[in-house]
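Reading the structure
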Number of protein chains: 2
Amino acid sequence: MIDPSKVMESITVKLNQNMIPDQIQRLEQQIEFMIEIDKLKQISRKTILTDRSREENSAEHSWHIAMAVCLFSEYAQDQEIDWYRVLKMLLVHDLVEIDAGDTYCYDHQGRKDQAQREEAAAQRIFKILPQNQSRSFRALWEEFENRETPESKYANALDRFQPFLQNYVTEGRVWRENNITRRQVMERMQPVFDGAPMLWNLVKLFIDDAVQKKYLAG
Amino acid sequence: MIDPSKVMESITVKLNQNMIPDQIQRLEQQIEFMIEIDKLKQISRKTILTDRSREENSAEHSWHIAMAVCLFSEYAQDQEIDWYRVLKMLLVHDLVEIDAGDTYCYDHQGRKDQAQREEAAAQRIFKILPQNQSRSFRALWEEFENRETPESKYANALDRFQPFLQNYVTEGRVWRENNITRRQVMERMQPVFDGAPMLWNLVKLFIDDAVQKKYLAG
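The following refers to the structure shown. (Residues numbered from 1 in each chain as written. Chains lettered and ligands numbered in written order. Predicted model: local features only at pLDDT ≥ 70, side-chain atom pairs only at ≥ 80, totals over all residues. Heavy atoms only, no water.)

**Quick notes on the overall build of chain A**
Each helix and strand counted, chain A has 13 helices and 2 strands in total. In terms of principal-axis extent, the alpha carbons of chain A reach across some 70 × 40 × 30 Å. Every one of the 218 residues in chain A was classed for burial, and the buried ones make up 57%. Sequence separation of at least 24 residues holds for 66% of the intrachain contacts in chain A that already meet a minimum separation of 6. Charge centroids of chain A, computed over 29 positive and 35 negative side chains, lie 4 Å from each other. (Helix = DSSP H or I, 4+ residues; strand = E, 2+ residues; numbered from the N terminus. Buried < 20%, exposed > 50% of the residue type's maximum accessible area, 1.4 Å probe, protein only. Contact = heavy atoms within 4.5 Å. Lys, Arg positive; Asp, Glu negative; His and termini not counted. Charge placed at Lys NZ, Arg CZ, Asp CG, Glu CD.)

In structure tokens, the structure reads:
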């Protein structure tokens, strides 16, 4: 395979004819980033597809929750939010997993050094970009993680709701394999309450039903 | 697996306590759609991942080009576009492939009935949604297909540019397997010229280089 950082080398001379060096470098960095993030398609998550054929990956998950932003927009707690920023946030929110991997939300051991691993990943991955984009992409990731703005609250609600729904539809296979309890899921779903209260009502009903059907430990 | 259309049945009675019937039906349709579109993760495309391990699927592709909207925004021909609509368009643009499959862009036989197959798919898939969303999602898909608005022109540019780049980085493996020529790729990349002329300059240089390296037939 061509080393992503080498892709532009062979054509730099020709680009040079029409562009100033700063523009060339900028475009090279953007192309390198475009190729680098292809790796997110290889990051497996715990959640399985609804047909149970395999685990989903973080690129697919990111697409699915971005779709959910549009699908469930009427249930966002704050209707005056910047919807474009919500989408951008969800598109970039898992990029750090390219280096740090996906950490299962109920893996207490793994979560201990998660922040540290993801910070190192952010430093490497966003640094590929031109400086202004490096800053703005990183800021989106941090905004998502901090869950303080209305945009990030709604984004986090969907990031929790989609795998929850997938777990429910697959009869709680992953929950059962990991002995997950009602209490753990209730706690994990808190951001749904904060960002999309109407969906939280639904989550509670699904949880009751999941306990009754033994998808979840009571 | 739980039949998506049956997911809500067990909890309808309880939802009933707090909601009017129209709200319940609306939410049921949205949840059913959310589960239905999970199938896009199973639709294989011709393009392979940069590590050449497998073909990418349409959900991953949709995420990657949505990211590209943000990454290459400065090169959009029209800078006054509704960026949120560009993203929504790309998130939904391949949903019809759930029924119609991905049609390889150089498969002239497959392309003959592509429009017909995709129209049937659109009718079934968007019909799952509540009426107002059914109309707006379908309108986004049609806008993308028609390539008339500035938003759809930029969206189409990225839909062509991403697989092109992936083909280049994998030393044209898929091009070579299908005896694709320079002329075919130049024609296929026309929307890049229309929506993001600066990236078109890059595409031309990559094509020259690809011919020289025999990734593409001259």
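**Notes on the packing of aromatic side chains**
Centre distance and the angle of the planes are the two values used to describe a pair of aromatic rings. Using the criterion set out here, one finds 22 aromatic pairs over all chains in the structure. With a centroid separation of 5.7 Å and 90 degrees between ring planes, the pair formed by Phe33(A) and Phe137(A) is classed as edge-to-face. Placement of Phe33(A) in helix 2 (residues 21-36) and of Phe137(A) in helix 8 (residues 131-146) is noted, with a sequence separation of 104 residues between them. What makes Phe137(A) buried here is its relative accessible area of 4%. Through successive ring pairs, a cluster of aromatic residues spans Phe164(A), Tyr168(A), Trp175(A), Phe206(A) and Tyr215(A). Here the basic side chain of Lys46(B) rests over the ring of Tyr104(B), its NZ or CZ set 5.2 Å away from the ring centre. (Phe/Tyr/Trp six-rings, centres within 6.5 Å; stacked < 30°, edge-to-face > 60°. Lys NZ or Arg CZ within 6 Å of the ring centre and 35° of its normal.)

**Focus: empty space enclosed by the protein**
Here the structure, examined in full by the defined rule, presents 1 cavity of 30 Å³ or more. For the largest cavity, the full set of lining residues is Met34(A), Ile35(A), Thr50(B), His64(B), Gln162(B), Leu165(B), Gln166(B) and Val169(B). Those elements that place two or more of their residues in the lining of the largest cavity are helix 2 of chain A together with helix 9 (150-169) of chain B. Broken down by class, the residue content of the lining of the largest cavity amounts to 4 nonpolar, 4 polar and no charged. (1 Å grid on protein atoms, 1.4 Å probe; cavity = no way out; pocket = protein on both sides within 12 Å on 5 of 7 lines; lining within 4 Å. Points joined across faces, edges and corners; volume = space filled by probe spheres on them. Nonpolar A, V, L, I, M, F, W, Y, C, P; charged D, E, K, R; others polar.)

**As for the interface of chain B and chain A**
If you look at the interface, chain B gives 70 residues, while chain A gives 69 residues. At the boundary of chain B with chain A, total buried surface from both sides reaches about 6300 Å², with 71% on carbon and sulfur atoms. Our count for the chain B to chain A interface comes out at 4 salt bridges. Residue Arg26(A) is joined to Glu74(B) by a salt bridge in which the shortest nitrogen-to-oxygen separation is 2.6 Å. Counting the contacts that link chain B with chain A gives 28 residue pairs in polar contact (both at pLDDT 80 or more). For the side of chain B that touches chain A, the secondary-structure elements that each account for two or more residues are helix 1 (9-15), helix 2 (21-36), strand 2 (55-57), helix 3 (58-71), helix 4 (83-92), helix 8 (131-146), helix 9 and helix 13 (197-212) of chain B. No other element matches the 11 residues that helix 3 of chain B contributes to the side of chain B that touches chain A. A class-by-class count of the residues in the side of chain B that touches chain A yields 43 nonpolar, 12 polar and 15 charged. (Buried area = accessible area lost by both parts, 1.4 Å probe. Salt bridge = Lys/Arg side-chain N within 4 Å of Asp/Glu carboxyl O. Polar contact = N/O pair within 3.5 Å; in protein donor to acceptor, adjacent residues only side chain to side chain.)

**Section: the relation of the copies chain B and chain A**
By a simple turn and slide, chain B fits onto chain A: the slide is 0.0 Å along the axis, the RMSD is 0.0 Å, and the turn is 180 degrees. Look at the turn and shift together and you get a two-fold axis relating the two. When you check the interface residues of chain B against chain A, 99% turn up at the interface there too, and the contact is symmetric in its surfaces. (Least-squares fit on C-alpha atoms with pLDDT ≥ 70 in both.)

**Side note on the environment of Cys70(B)**
By secondary structure assignment, the location of Cys70(B) is in helix 3. C-alpha of Cys70(B) to C-alpha of Val92(B): the two residues are 22 residues apart in sequence and 17 Å apart in space. If sequence neighbours within four positions are ignored, Cys70(B) has contacts with Tyr84(A), Lys88(A), Leu91(A), Gln133(A) and Phe137(A).

**As for the packing of helix 4 (residues 83-92) of chain A against helix 9 (residues 150-169) of chain A**
Residue and element names in this part refer to chain A. Orientation of helix 4 relative to helix 9, taken along the N-to-C sense of each, is 50 degrees, at an axis distance of 9 Å. Taken as axis vectors, helix 4 and helix 9 run oblique relative to one another. The crossing of helix 4 and helix 9 is right-handed. Counted together, Trp83, Arg85, Val86, Met89 and Leu90 of helix 4 and Glu151, Ser152, Tyr154 and Ala155 of helix 9 form the full contact between these two elements. In terms of residue class, the contact of helix 4 with helix 9 is made up of 6 nonpolar, 1 polar and 2 charged. (Axes fitted to C-alpha atoms, helices over the stretch in contact; angles between N-to-C directions. Parallel < 35°, antiparallel > 145°, perpendicular 65-115°, else oblique. Left-handed = near helix turned anticlockwise from the far one by under 90°.)

**A look at helix 8 of chain B**
Between its first and last C-alpha, helix 8 of chain B extends 22 Å over 16 residues, near the 22 Å set by a 1.5 Å rise per residue. Along helix 8 of chain B, the residues that are buried comprise Gln133(B), Ser134(B), Phe137(B), Leu140(B), Trp141(B), Glu143(B) and Phe144(B). Taken together, the buried residues of helix 8 of chain B touch helix 3 (58-71) of chain A together with helix 2, helix 4, helix 7 (114-127) and helix 9 of chain B. (Expected span 1.5 Å × (residues − 1).)

**Observations regarding the layout of surface pockets**
Residue and element names in this part refer to chain A. Each pocket or cavity is described by its volume, and for the largest pocket that value is around 920 Å³. Mapped by element, the contributors of at least two residues to the lining of the largest pocket are strand 1 (44-48), helix 6 (108-112), helix 7 (114-127), helix 8, helix 9, helix 10 (173-177) and helix 11 (182-188). Broken down by element, the residue count for the lining of the largest pocket peaks at 6 residues, all from helix 9. Across the lining of the largest pocket, the residue classes break down as 13 nonpolar, 9 polar and 14 charged.

**Considerations on the pairing of strand 1 (residues 44-48) of chain B**
Looking at chain direction, strand 1 of chain B and strand 2 of chain B are connected through 2 bridges and run antiparallel. Bridging across to strand 2 of chain B, Ser44(B) finds its partner in Asn57(B). (Pairing = 2+ DSSP bridges.)

**Concerning helix 2 of chain A**
With 16 residues, helix 2 of chain A extends 22 Å between its outermost C-alpha atoms, agreeing within 8% with the 22 Å of an ideal straight helix rising 1.5 Å per residue. For helix 2 of chain A, the full list of buried residues reads Ile24(A), Leu27(A), Gln29(A), Gln30(A), Ile31(A), Phe33(A), Met34(A), Ile35(A) and Glu36(A).

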